[in-house]
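Close look at the chain arrangement
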Amino acid sequence: MDFDTLISQKGCHNEINILLAEKFKVKSLIYIISSKDKNKIEDIDELFIEKVPNCLVSYEIVELGDIERLKSVITGNKNPLVNLSGGETINSLLLLKISSELNIQSIYVDLA
C-alpha cells in the first residue's frame, strides 16, 4: 500500500517512526504533540532526519482526548498511515477509533 503521510504521537521513544517511514516510503511525518509539550517542538529527532532525509517533519498540537482535532489531522492528509504505537494511551485509542470509522490504515508495532 502507498502512504504519503505517517501520523504519530511524539513520545520519549520515536525510533519506530524511522522503521515505518523507511518501510512505507512516506513523504512526511506529522507528530501529534500537546500544548504542554510544545517546547519540545524544537527537539526535532536528529536521528530521524539523518535516516530519512527526504521525509518532511511537522507538528500538530492536539490536546489529550480532543477527538475532533485528531480527526482533523487525519482527514487533512492524503493517504495517511496512523501509528498507534507510543504516546498517550487515550489518544492512541481515539486514533484507532477514528481510523476504523474512516477506513484509514493504522499500525501498531510492539518492540517488546
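Residues numbered from 1 in each chain as written. Predicted model: local features only at pLDDT ≥ 70, side-chain atom pairs only at ≥ 80, totals over all residues. Heavy atoms only, no water.

**So, the nonpolar core**
- Counting residues in each nonpolar core, the largest one holds 16 residues, and the members touching the most others are Leu 6, Phe 24, Val 26, Leu 29, Phe 48, Val 52 and Cys 55.
- If you list the elements that add at least two residues to this core, you get helix H1 (15-24) and strand S2 (28-33).
- Ranked by residues supplied to this core, first place goes to H1 with five residues.
- Beyond its immediate stretch of four places on either side in the chain, Phe 24 contacts Met 1, Phe 3, Leu 81 and Ile 107.
- Of all hydrophobic cores here, the second largest spans 13 residues; its members include Ile 30, Val 62, Leu 70 and Ile 74. (Core = buried A, V, L, I, M, F, W, Y, C linked by side-chain atoms within 4.5 Å. Buried < 20%, exposed > 50% of the residue type's maximum accessible area, 1.4 Å probe, protein only. Helix = DSSP H or I, 4+ residues; strand = E, 2+ residues; numbered from the N terminus. Contact = heavy atoms within 4.5 Å.)

**Focus on the pattern of salt bridges**
- By the definition in use, this model includes four salt bridges.
- Among the ionic pairs, Lys 27 bridges to Asp 4, the shortest N-O distance being 2.9 Å. One end of the pair, Lys 27, is in the loop between H1 and S2; the other, Asp 4, is in the segment before strand S1 (5-9), and 23 residues separate them in sequence.
- Note on Asp 4: relative accessible area 16%, which makes it buried. (Salt bridge = Lys/Arg side-chain N within 4 Å of Asp/Glu carboxyl O.)

**Some thoughts on the pairing of strand S4 (residues 80-83)**
- Residues of S4 alternate between two faces, with Pro 80 and Val 82 on one and Leu 81 and Asn 83 on the opposite face, all of them buried.
- Both S1 and S4 contribute to a ladder of three bridges, which runs parallel. Residue pairing in the sheet places Thr 5 in a bridge with Pro 80 of S4.
- Alignment of S4 against strand S5 (residues 106-107), held across two bridges, turns out to be parallel. Pairing of Val 82 across the sheet is with Ser 106, part of S5. (Pairing = 2+ DSSP bridges.)

**Things to note about H1**
- Among all positions in H1, only Ile 16, Asn 17, Ile 18, Leu 20, Ala 21 and Phe 24 are buried.
- Contacts from the buried residues of H1 go to S1, S2, helix H2 (46-51), S4 and S5.

**Examining the environment of Asn 91**
- With respect to the helices and strands, the residue Asn 91 is situated in helix H4 (residues 89-102).
- In sequence terms Asn 91 and Ile 32 are 59 residues apart; their C-alpha atoms lie 9.4 Å from each other.
- Apart from residues no more than four positions distant in its own chain, Asn 91 is found in contact with Gln 9, Glu 63, Leu 64, Gly 65, Asp 66 and Leu 70.
- Side-chain polar atoms of Asn 91 contact the backbone nitrogen of Gly 65, separated by 2.9 Å. (Polar contact = N/O pair within 3.5 Å; in protein donor to acceptor, adjacent residues only side chain to side chain.)

**Some words on the sheet that holds S2**
- Overall, parallel pairing links the five strands, which are arranged S3-S2-S1-S4-S5 in an open sheet. Both edges of this open sheet fall to strand S3 (56-61) and S5, since each of them pairs with a single strand only.
- The strands that H4 touches are S1, S2, S4 and S5; relative to S1, the one it contacts most, it runs at about 145 degrees. (Axes fitted to C-alpha atoms, helices over the stretch in contact; angles between N-to-C directions.)

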